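Summary of the model geometry
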Amino acid sequence: MDAKKRSTLLTIAAIGVGYVALRNLPALLPETLELEPLDQPAGFRKYVAGETSGGFDPFVGLGTTESADVTAQKAAALKRVSSDLCDALYGELDATASIVPLASFSDYYCPFCRVQTKRLAGMTENMTDQVAVAWHELPLLGDSSNLAAKAALAAKRQGAYVTFHERLMTTPFQASEEYLVRLSDDLGVDGAQLIADMNSADIARELENSAALARVFAFVGTPALVIGRTVVQGQISDKMIRQIIDLEREEGWDIACRSA
């Protein structure tokens, strides 16, 4: 090989190495916890993390047109969750001064959610993390996302939320009524009851509440978290989650709840 060709190959190789380095630079740099206070809702602050899927109206799937009824449903949901944000976020979680509550908003077909929810589930099993997670369905990526979210909430009525959640987060298949019935059979869930519950007013209300919370906190996609009183948009590392948890525990995560 002559010197000119060798030089050209070395240049191309250097460009390739440089491109890879730039792509991976964010992961190599140390993360800094920079929190921005929110004017609304009062008492909360925001941390902008990594990658996000979605960016659509969080009420997608609840109505195909902006009719007067849909507008009224949105307004009612916003009023419900705004009257007690912490209860809407964390419900009946066993949160204490030492156990910090975390609300996770995800879509079953968001690739970043599939990674992050698995890691969050592992953290809840690790008592040293001392965190309790409330799972919120926020289907933003179309009809399959909406069906999967309804199915998970319906499975919760039969005590099978965790198993449904895990399977839906890992399946390569798009959710359809036929697939969900087959999945119910596989997991020992009553498929007919699941479909009936999916179309119930209670589940519609749950999805409306989660969508309203997403609007309150101005989420632009999934995954999204609220850790204590820290709002997180985008995928976030376990290290940074633990750092926020430690800060919330130190400062008192329920400050925002007490001031509401």
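Residues numbered from 1 in each chain as written. Predicted model: local features only at pLDDT ≥ 70, side-chain atom pairs only at ≥ 80, totals over all residues. Heavy atoms only, no water.

Across its full length, the protein chain carries eleven helices and six strands. Of all 260 residues assigned to the protein chain, the portion counted as buried reaches 42%. Nonlocal contacts in the protein chain, meaning residues at least 24 apart in sequence, comprise 73% of its contacts between residues at least 6 apart. Total accessible area on the protein chain stands at roughly 13,700 Å², and carbon and sulfur atoms take up 56% of it. (Helix = DSSP H or I, 4+ residues; strand = E, 2+ residues; numbered from the N terminus. Buried < 20%, exposed > 50% of the residue type's maximum accessible area, 1.4 Å probe, protein only. Contact = heavy atoms within 4.5 Å. Areas by Shrake-Rupley, 256 points an atom, 1.4 Å probe, with all protein chains shown as cover.)

Under the counting rule described, the total for this entry stands at five aromatic pairs. Note on phenylalanine 44 and phenylalanine 217: the rings are 5.2 Å apart at their centroids and 75 degrees apart in plane angle, and the pair reads as edge-to-face. Note that phenylalanine 44 is positioned in the loop between β1 (36-37) and β2 (45-48) and phenylalanine 217 in the loop between α9 (201-216) and β5 (224-227), a separation of 173 residues in sequence. On the basis of relative accessible area, phenylalanine 44 is assigned to the buried category, the value being 4%. Note on phenylalanine 217: relative accessible area 4%, which makes it buried. Residues tyrosine 90 and tryptophan 253 carry aromatic rings whose centres are separated by 6.1 Å and whose planes lie at 85 degrees to one another, so their mutual orientation is edge-to-face. Of this pair, tyrosine 90 sits in helix α3 (residues 85-90) while tryptophan 253 sits in the loop between α10 (238-251) and α11 (255-259), and the two are 163 residues apart along the sequence. (Phe/Tyr/Trp six-rings, centres within 6.5 Å; stacked < 30°, edge-to-face > 60°.)

Between the first and last C-alpha of α10 there are 20 Å, a value that for 14 residues agrees with the 20 Å anticipated at 1.5 Å per step. Among all positions of α10, only Met240, Ile241, Ile244, Ile245, Leu247 and Glu248 are buried. When α10 is viewed along its axis, its buried side chains cluster within an angular range of 165 degrees and face the same direction. Facing away from the buried surface of α10 by more than 90 degrees, the exposed residues are Lys239 and Glu250. Against the buried residues of α10 lie β2, β3 (100-106), α4 (111-125), β4 (131-137), β5 and β6 (230-233). (Expected span 1.5 Å × (residues − 1). Arc of directions from axis to C-beta.)

Below, the discussion takes up the nonpolar core. Of all hydrophobic cores here, the largest spans 38 residues; its most connected members are Phe44, Leu89, Phe105, Phe217, Val226, Ile227 and Ile241. Each residue touching phenylalanine 44, except ones within four places of it in the same chain, is listed here: Pro37, Leu38, Leu85, Cys86, Leu89, Phe217, Val226, Gly228, Arg229, Val231 and Ala256. Formed by 27 residues, the second largest nonpolar core is a distinct cluster that contains Ala151, Ala155, Leu168 and Leu180. (Core = buried A, V, L, I, M, F, W, Y, C linked by side-chain atoms within 4.5 Å.)

It is the contact of helix α6 (residues 161-170) with helix α7 (residues 177-187), at a shortest axis distance of 11 Å, that shows an interaxial angle of 125 degrees. Comparing their axes, α7 and α6 come out oblique. Handedness of the α6/α7 crossing: right-handed. Together, Thr163, Phe164, Arg167 and Leu168 of α6 and Tyr179, Leu180, Leu183, Ser184, Asp186 and Leu187 of α7 make up the contact between the two elements. The residue makeup of the contact of α6 with α7, split by class, is six nonpolar, two polar and two charged. (Axes fitted to C-alpha atoms, helices over the stretch in contact; angles between N-to-C directions. Parallel < 35°, antiparallel > 145°, perpendicular 65-115°, else oblique. Left-handed = near helix turned anticlockwise from the far one by under 90°. Nonpolar A, V, L, I, M, F, W, Y, C, P; charged D, E, K, R; others polar.)

The next thing to look at is the pairing of β3. Taken across its seven residues, β3 has seven buried, putting it largely inside the fold. Because side chains alternate across β3, one face comprises the buried residues Val100, Leu102, Ser104 and Ser106, and the other comprises Pro101, Ala103 and Phe105, equally buried. As paired strands, β3 and β4 are joined by seven bridges and run parallel to one another. Along β4, the bridge assignment pairs alanine 103 with alanine 134. The pairing of β3 with β5 spans four bridges and is classified as antiparallel. Its bridge partner being in β5, alanine 103 is matched across the sheet by valine 226. (Pairing = 2+ DSSP bridges.)

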